[in-house]
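Analysis of the macromolecular model
In case you want the letters, here they are:
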Amino acid sequence: MLNPKLSELINAQVTKEFYSAYLYLDFANYYYEQGLDGFANWYDIQAQEERDHAMLMRAYLHNNGAEVKFGVIDQPNMKYEDTAAPLKASLKHENYITAEINKIYRAADDINDYRTMQFFDWFIKEQGEEEKNAEDMIRKYELFGKDPKGLYALNQELAARVYAAPSLVI
């Protein structure tokens, strides 16, 4: 049986992961509207990954005797002043999600819940990758995005991304 405090934290994280999916779909919508279908593809896939994260955490709650309680998912309400804005917002959001996952890990460590810590090891590694990807996107945009040919090439690179399901076994 999962500790009630951990159950509450993980349930809240499920909602945050679903919000992340909404946010990334909003980024994708913006890029589709700008004619940057490669950037949109990148964020469509990011949204799918975030939904997967939520579902993995949901399954973990179920598998450990905890009730699953869905929270309200806020509507993203960002205004984008330029095509770099979603990239920067993505990094800021990933930093926030990392901090939230670290809180869960810390709470599990405080009560010696090694199973939960082991489960969240994967998410900690994943967040390192997410932050690096967001930083790389900003760096590439700053290097190439202001030149039309460079932006076209970057858009083509992002269009080639394909979805890969997470490899975490619950």
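What you see is a predicted model; the values in this text were computed from it and never measured.

1. Section: the UniProt feature "domain: Ferritin-like diiron" (unreviewed entry) in the chain
Here the UniProt feature "domain: Ferritin-like diiron" (unreviewed entry) sits at residues 1-145. Secondary structure over residues 1-145 splits into 79% helix and 0% strand, and the C-alpha atoms at its two ends are 50 Å apart.

2. Focus on the environment of Ile45
Along the chain, Ile45 turns up in helix 2 (residues 37-63). A sequence separation of 58 residues divides Ile45 from Lys103, and the C-alpha atoms of the two residues are 26 Å apart. Every residue in contact with Ile45, bar those within four places of it in the chain, is listed here: Arg161, Val162 and Tyr163.

3. Considering the environment of Ala21
Summarising the element assignment, Ala21 is placed in helix 1 (residues 4-33). A C-alpha to C-alpha distance of 14 Å links Ala21 and Met78, two positions 57 residues apart in sequence.

4. Thoughts on empty space enclosed by the protein
Counting across every chain of the model gives one cavity of 30 Å³ or more. Roughly 50 Å³ of internal volume is contained in the largest cavity. Trp42, Tyr43, Gln46, Ser90, Glu130, Asn133, Ala134 and Met137 are the residues that line the largest cavity. Taken together, the elements giving at least two residues each to the lining of the largest cavity come down to helix 2 and helix 4 (114-144).

5. Some details on the pattern of salt bridges
For the structure on display, the rule yields seven salt bridges. A salt bridge links Glu100 to Lys103, with the shortest nitrogen-to-oxygen separation between them at 3.0 Å. Of this pair, Glu100 and Lys103 both sit in helix 3 (residues 85-110), three residues apart, which is roughly one turn of the helix. On the basis of relative accessible area, Glu100 is assigned to the buried category, the value being 11%. Among the residues examined, Lys103 registers a relative accessible area of 41% and is labelled partly exposed. Linking Asp136 and Lys132 is a salt bridge whose minimum nitrogen-to-oxygen distance equals 2.7 Å.

6. Topic: the layout of surface pockets
Approximately 190 Å³ is the volume found for the largest pocket. Contributions of two or more residues to the lining of the largest pocket are made by helix 2 and helix 4. Counting residues per element, the lining of the largest pocket draws most heavily on helix 4, at six residues. The residue inventory of the lining of the largest pocket, partitioned by class, reads four nonpolar, three polar and six charged.

What counts and what doesn't
- Residues numbered from 1 in each chain as written.
- Predicted model: local features only at pLDDT ≥ 70, side-chain atom pairs only at ≥ 80, totals over all residues.
- Heavy atoms only, no water.
- UniProt positions renumbered as here; feature names shortened; annotations may be inferred.
- Helix = DSSP H or I, 4+ residues; strand = E, 2+ residues; numbered from the N terminus.
- Contact = heavy atoms within 4.5 Å.
- 1 Å grid on protein atoms, 1.4 Å probe; cavity = no way out; pocket = protein on both sides within 12 Å on 5 of 7 lines; lining within 4 Å.
- Points joined across faces, edges and corners; volume = space filled by probe spheres on them.
- Salt bridge = Lys/Arg side-chain N within 4 Å of Asp/Glu carboxyl O.
- Buried < 20%, exposed > 50% of the residue type's maximum accessible area, 1.4 Å probe, protein only.
- Nonpolar A, V, L, I, M, F, W, Y, C, P; charged D, E, K, R; others polar.

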